[in-house]
Amino acid sequence: MFATDKRLLKNTMINLLSNAIKFSEENTCIDVAVSNIAKKHNISVKDTGIGIPGEDIPHLFDNFYRARNAGNIQGTGLGLPILKRYLDLLNGTIEVHSKLEEGSTFTIVLPLAE
C-alpha cells in the first residue's frame, strides 16, 4: 500500500519532468520508471540531456544554485530545493546520477505504508 500527499507528489513529478524536458534536446525520450523495492516506492525520471557536472551535484538542492553548464537555459535555481522540501515532508529522499552530455536520472524514494 502506498499513501502520500497527492499535491506534493504531483508538484514533485511536475518539477522532475519539466527539468528533464528543459535540459534535453527536442524529440528525445524521457523515461519514467516506477517500482516497489524493499518497502520503498521508487520513481525515476531519466533524460538524455546535457547532464550535470559531478562537482555540481552536491549543491543542486541549495537555494539559487544552478549547474555551471545551465547558464543559457532559463531557471532560478529554486525548483530542486523546493522539491527537496516536499520530499522531506513526505519522509522521502532523492538520488541523482548524471553524466555530462549523456543525461541525468533523478530517483525519488518514498516509504510504503506498513
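Everything that follows concerns the structure shown earlier in this document.
Note that residues are indexed from 1 along each chain, following the sequence as it is written. The predicted origin of the model limits local features to residues at a pLDDT of at least 70 and limits the giving and counting of side-chain atom pairs to 80 or more, whereas totals for whole chains, interfaces and linings rest on all residues. Side-chain metrics rest on all non-hydrogen atoms present in the structure, leaving aside hydrogens and water.

So, the overall build of the protein
Step number 1: Tallying secondary structure elements over the protein gives 2 helices and 4 strands in all.
Step number 2: Listed N to C, the secondary structure of the protein is α-β-β-α-β-β in terms of helices and strands.
Step number 3: Only C-alpha atoms enter the radius of gyration; for comparison, a globular chain is expected to reach 2.2 Å times N to the power 0.38, where N is the number of residues. In terms of overall size, the protein behaves like a compact globule, its C-alpha atoms giving a radius of gyration of 14 Å where 114 residues would be expected to give roughly 13 Å.
Step number 4: Expressed as lengths along the three principal axes of its C-alpha atoms, the size of the protein is roughly 45 × 30 × 25 Å.
Step number 5: Under the scheme applied here, a residue whose accessible area is under 20% of the maximum for its type counts as buried, over 50% as exposed, and between as partly exposed, the area being computed with a 1.4 Å probe on protein chains only. Going through the 114 residues of the protein one by one, you find that 38% of them count as buried.
Step number 6: Here, two residues are considered to be in contact whenever any of their heavy atoms come within 4.5 Å of each other. For the protein, the proportion of contacts with a sequence separation of at least 24, taken over those separated by at least 6, is 53%.
Step number 7: Summed over all atoms, the accessible surface of the protein reaches about 7100 Å², with 55% contributed by carbon and sulfur.
Step number 8: Note that His is not counted, nor are the chain ends; the positive residues are Lys and Arg, and the negative ones are Asp and Glu. To locate a charge, the coordinates of NZ of Lys, CZ of Arg, CG of Asp or CD of Glu are taken. Here the protein holds 12 positive side-chain charges and 13 negative ones, and the gap between their average locations is 8 Å. Under the scheme used here, helices are H or I runs from DSSP no shorter than 4 residues and strands are E runs no shorter than 2 residues, and both carry numbers assigned from the N terminus. A 1.4 Å probe and the Shrake-Rupley method give the accessible areas. Residues count as covered only by the protein chains that appear here.

Concerning helix H1 (residues 6-22)
Step number 1: One less than the number of residues in a helix, times 1.5 Å, gives the span that helix is expected to have. Between its first and last C-alpha atoms H1 spans 24 Å; for 17 residues at 1.5 Å apiece the expected length is 24 Å, and the two agree.
Step number 2: Taken together, the buried positions of H1 are occupied by Leu8, Leu9, Thr12, Met13, Asn15, Leu16, Asn19 and Ala20. Taken around the axis of H1, the buried residues stretch over an arc of 155°, which confines them to a single face. Facing away from the buried surface of H1 by more than 90 degrees, the exposed residues are Lys6, Arg7, Lys10 and Ile21.
Step number 3: Where H1 is buried, its residues touch strand S2 (40-46), helix H2 (79-89), strand S3 (93-99) and strand S4 (103-111).
Step number 4: By the criterion applied in these results, polar contacts are pairs of N or O atoms within 3.5 Å in which, for protein atoms, one can donate a hydrogen and the other can accept it, and in which residues neighboring in sequence qualify only through two side-chain atoms. N-capping of H1 is provided by aspartate 5, with a side-chain oxygen placed 2.9 Å from the backbone N of arginine 7. The arc under discussion is defined with respect to the helix axis, by the directions toward the C-beta atoms.

Here's the deal with the nonpolar core
Step number 1: In this structure, Leu16, Ile52, Leu60, Ile94, Phe106 and Ile108 are the most contacted members of the largest nonpolar core, which totals 20 residues.
Step number 2: If you list the elements that add at least two residues to this core, you get H1, S2, H2, S3 and S4.
Step number 3: Here the element with the most residues in this core is H1; it accounts for 5 residues.
Step number 4: In contact with phenylalanine 106, not counting residues within four places along its chain, are Leu16, Ile43, Ser44, Val45, Ile52, Leu60, Leu80, Ile94, Glu95 and Val96. Residues belong to one nonpolar core when they are buried, are Ala, Val, Leu, Ile, Met, Phe, Trp, Tyr or Cys, and are joined through side-chain atoms within 4.5 Å.

A few points about the environment of leucine 8
Step number 1: Considering the arrangement of structural elements, one finds leucine 8 in helix H1.
Step number 2: In this structure the C-alpha to C-alpha distance between leucine 8 and glutamate 101, which are 93 residues apart in sequence, comes to 30 Å.
Step number 3: Setting aside its immediate chain neighbours within four residues, leucine 8 contacts Tyr86, Leu89 and Leu90.

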